[in-house]
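Chain and residue survey
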Amino acid sequence: MSIQRQNFIALRTVFPVAVFAIIFTLALRQSSTLDPDLWWHLQTAKDIVATRSIPHIDSYSFTKTGAEWITHEWLSELLMYGIYRLSGLGGLVLIFSAIVTGAFFLVYRISAGRPYVAGLPVLLAALASTPLFGIRAQMITLLLASVFTVILRNYQQNGQSRILWWLPPLMLFWVNLHGGYALGFALIALFLISAALDRNWPLIRSLAITGAACAVVAPLNPNGFRIFTYPIKTLTSPSMAALIDEWSSPDFHQAMFLPLAGLLFLLFAVLALSPKRPRLGELFLLVGTAFAALRSARHVPIFALVAVPIFADHLWELMSVRGWHKGLTGEEPATVGKLILGFAVLIMSLAFPNGLFWHFVAHQPSYVAKRNPVAAVDFIEAHHVPGPVFNKYGWGGYLIFRLYPDYRVFADGRADVYGDEFLFQMVDTYDGHAAWRAPLDHYGVRTVLIPPDASLASLLQIDREWRKVYEDEQAVIFTR
């Protein structure tokens with residue numbers, strides 16, 4: 001066997017392939033659940049293409065028709081729609097899984113101790129972030145946050161100011177791709193404060209100028225200066241924090257958040273044991289992003305991205321001082337056993353995500369039906385049930401995709417369009433609280449589409465004003 005072939009399947013070469021194959025598989029599995037907002041994103045892009053204009057007011061609901069809508073994801077929606085038209089849902093699953101993998105690969109490339117030592121923090125960070133993966137514009141924000149982190153950290157360490165000038169043009173794209181552009185400013189601010197704590201005055205000056213340049217290009221979007229209000233409204237919304245799981249704090253009683261707990265404990269244990277004292281700036285970055293992650297699960301991936309290179313750096317220092325790094329540097333001697341193991345790991349790493357992807361492609365309708373009332377919507381289309389329709393919040397996007405413009409929804413995933421008071425009233429109705437009838441009467445609702453186990457379904461079942469016309473395991477339809 002040639003030297004090149006031995007090196008190709010040596011463990012040192014195969015290890016990062018395996019790590020990122022696992023991350024790609026995690027992203028693939030989560031993306032295949034099909035985020036409920038995907039559907040209204042596709043419909044929005046379809047309408048943008050048809051009308052050659054970007055909407056600024058709501059037309060998808062009958063409850064907020066004409067209300068202001070800051071379409072902050074319009075460019076991401078066009079990208080999603082283009083992929084969907086070319087390659088269907090399978091293409092979206094594949095591309096967004098690659099975007100997630102790319103975000104973690106970038107921070108891996110600037111981490112110490114590659115491949116083995118750097119691989120552990122990267123894999124743990126990806127596991128902690130997995131609940132937030134999906135076909136979502138947030139994944140584009142994740143990738144751009146990774147790019148910002150890499151550029152800012154490179155400048156912090158190397159002092160090459162020219163690299164910072166990539167940030168304003170990137171911000172111009174980001175502000176048109178997703179409202180998460182505010183994370184770019186947050187990262188610049190975090191690194192600026194970090195530089196102040198480290199008394200790095202040249203870095204402070206460069207970051208301040210770069211931040212100002214980013215602020216100048218941010219209004220260059222279809223919403224103009226209104227784009228600045230979107231992140232503020234979102235972060236201060238009581239209904240989003242109370243009603244949308246990813247905006248609430250991580251619940252460590254749930255298994256999906258245990259990797260986050262592991263990342264936090266191991267990170268701060270390594271910092272405590274590391275012979276290299278953490279800089280005040282590093283600690284500020286970690287504490288700031290960790291606080292954001294503990295306040296809202298949505299910010300866990302950002303903490304993970306910031307933590308990876310710091311974690312890897314101090315883990316490598318700890319292992320080097322204690323002599324545990326021996327055997328983790330250089331190309332290990334190739335033996336028959338190692339070559340076989342490397343070849344086996346390589347095949348398994350590539351085969352599993354490939355099998356998962358083709359299973360999704362082959363069983364696409366069943367994946368769609370897992371989270372969406374497909375059969376119930378078929379019934380609505382076939383029998384022309386009377387509108388307006390009260391719907392479960394998470395189903396609104398799918399109803400827009402399937403039924404608009406013949407039917408408009410009561411509510412969907414655009415929480416900023418509906419406002420706090422409306423969303424709390426909607427939940428009170430869905431949960432069958434004392435004034436559950438009021439919104440149905442106020443908006444003249446004639447059909448209700450909800451899960452059979454919803455409290456409202458039990459109330460309508462015994463209410464003489466309503467009649468059940470359809471039911472399956474997933475959905476029930478009542479009409480007045």
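Residues numbered from 1 in each chain as written. Predicted model: local features only at pLDDT ≥ 70, side-chain atom pairs only at ≥ 80, totals over all residues. Heavy atoms only, no water.

Quick look at the overall build of the chain
Note the cut-off: Runs of H or I in DSSP of at least four residues are treated as helices and runs of E of at least two as strands, each being numbered from the N terminus. The quantity called the radius of gyration is restricted to C-alpha atoms. Its globule counterpart is 2.2 Å times the number of residues to the power 0.38. Exposed residues in this analysis have more than 50% of their type's maximum accessible area, buried residues have under 20%, and partly exposed residues fall in between, with area computed by a 1.4 Å probe over protein chains only.
Within the chain one finds 22 helices and four strands. Computed over C-alpha atoms, the radius of gyration of the chain comes to 25 Å, within 12% of the 23 Å expected from 2.2 N^0.38 for 480 residues, which places it in the range of a compact globule. Counting only C-alpha atoms, the chain reaches 75 × 55 × 45 Å along its principal axes. Counting only residues that meet the buried cut, the chain has 52% of its 480 residues in that class.

As for the environment of Asn354
Its location among the elements puts Asn354 in helix H15 (residues 336–362). Since its relative accessible area comes to 42%, Asn354 is described here as partly exposed.

Examining the packing of aromatic side chains
Heads up, the rule is: Pairing of aromatic rings covers Phe, Tyr and Trp, the last through its six-membered ring, and needs centres within 6.5 Å; plane angles under 30 degrees mean stacked, over 60 mean edge-to-face, and all others mean tilted. Each ring is checked for a lysine NZ or an arginine CZ that lies within 6 Å of its centre and within 35 degrees of its normal; such an atom marks a charge sitting over the ring.
All chains considered together, the criterion is met by 24 aromatic pairs. Between Trp40 and Trp69 the ring centres are 6.3 Å apart and the planes differ by 65 degrees, which places this aromatic pair in the edge-to-face class. Taken together, the residues Trp40 in helix H3 (residues 38–51) and Trp69 in the loop between H3 and helix H4 (74–109) connect sequence positions 29 residues apart. In this structure Trp40 comes out as buried when scored by relative accessible area, which is 5%. The class of Trp69 is buried, set by a relative accessible area of 4%. Of the aromatic side chains, those joined through ring pairs into one cluster are Phe62, Phe390, Phe410, Tyr418, Phe422 and Tyr443. The ring of Tyr367 is capped by Lys370, whose NZ or CZ atom sits 4.6 Å from the centre of that ring.

A closer look at the environment of Ile57
This is how it is decided: Here, two residues are considered to be in contact whenever any of their heavy atoms come within 4.5 Å of each other.
Tracing the sequence through the fold places Ile57 in the loop between H3 and H4. The spacing of Ile57 and Val417 is 360 residues in sequence and 8.9 Å in space, taken between C-alpha atoms. For Ile57, the contacting residues outside a window of four places in its chain are Gly66, Ala67 and Trp69.

Some details on the side chain of Gln156
Residue position: Gln156 is located in helix H6 (residues 137–158). Residue classification places Gln156 among the buried positions, given a relative accessible area of 15%. Leaving out residues up to four positions away in the same chain, Gln156 has contacts with Phe191, Ser194, Leu203 and Arg279.

What to know about the nonpolar core
How we decide: Definition used in this section: a nonpolar core is a set of buried Ala, Val, Leu, Ile, Met, Phe, Trp, Tyr and Cys residues joined via side-chain atoms within 4.5 Å.
Leu92, Phe104, Leu167, Phe303, Phe390, Val448 and Leu449 are the most contacted members of the largest nonpolar core, which totals 141 residues. In this view, Val448 contacts Phe390, Leu456, Leu460, Trp466, Val476, Ile477 and Phe478; residues no more than four positions away in its chain are not counted.

Quick look at the confidence of the model for the chain
Selection rule: Scored from 0 to 100, pLDDT records how confident the predictor is in each individual residue.
Scored by pLDDT, the chain has a mean of 91; 92% of the residues are at 70 or more. Throughout residues 1–8 the model reports pLDDT below 50, and contacts reaching past four residues in sequence, or to other chains, amount to 11 contacts.

With respect to helix H8 (residues 182–197)
Put simply, the test is: Take the number of residues in a helix, subtract one, and multiply by 1.5 Å to get its expected span. Think of it as the arc spanned by the lines of direction from the helix axis to the C-beta atoms.
In a regular helix each residue adds 1.5 Å, so 16 residues correspond to 22 Å; H8 covers 23 Å between its end C-alpha atoms and thus fits that length. The set of residues buried in H8 consists of Leu183, Gly184, Leu187, Ile188, Leu190, Phe191, Ser194 and Ala195. Down the axis of H8, the sector holding all buried residues measures 160 degrees, keeping them to one side. For H8, the secondary structure elements touched by its buried residues are H6, helix H7 (167–177), helix H9 (201–217), helix H13 (280–295) and helix H14 (300–321). Arg199 sits one or two positions beyond H8 and adopts a positive phi of about 55 degrees.

Examining the sheet that holds strand S1 (residues 389–391)
Where we set the bar: In this analysis, strands are considered paired if DSSP registers two or more bridges between them. Only C-alpha atoms enter the line fits that serve as axes; for helices the fit covers just the stretch in contact. Angles between N-to-C directions range over 0 to 180 degrees.
On the basis of which strands lie adjacent, the open sheet formed by four strands has the order S1-S2-S4-S3 and mixed pairing. The strands lining the two open edges of the sheet, one partner per strand, are S1 and strand S3 (467–471). Taken pair by pair, the neighbouring strands of this sheet meet at an average axis angle of 20 degrees, ignoring direction.

Examining the environment of Ala189
Looking at the element boundaries, Ala189 is found in helix H8. The spacing of Ala189 and Leu207 is 18 residues in sequence and 8.1 Å in space, taken between C-alpha atoms.

Remarks on a nonpolar patch on the surface
For clarity, the cut-off: Patch membership needs two things, relative accessible area over 30% and no salt bridge, and members are linked within 9 Å if like-charged or within 5 Å if nonpolar (Val, Leu, Ile, Met, Phe, Trp, Tyr). Throughout, the Shrake-Rupley method with a 1.4 Å probe supplies accessible areas, and for residues the shown protein chains are the sole cover considered. Within this document, salt bridges are pairs made up of a side-chain nitrogen of Lys or Arg and a carboxyl oxygen of Asp or Glu, the two lying within 4 Å of each other.
Where nonpolar side chains cluster on the molecular surface, the patch consists of Ile193, Leu197, Leu280 and Leu283 and spans about 320 Å² of accessible area. Those elements that provide at least two residues to the nonpolar patch are H8 and H13. Structurally, the position occupied by Ile193 is in helix H8. Classification of Ile193 by relative accessible area gives partly exposed; the value is 37%.

Re the pairing of S3
Across four bridges, the pairing between S3 and strand S4 (residues 476–479) is antiparallel. In the sheet register, Lys468 faces S4, and the bridge partner there is Phe478. Once S3 ends, the chain turns through four residues before running back antiparallel as S4.

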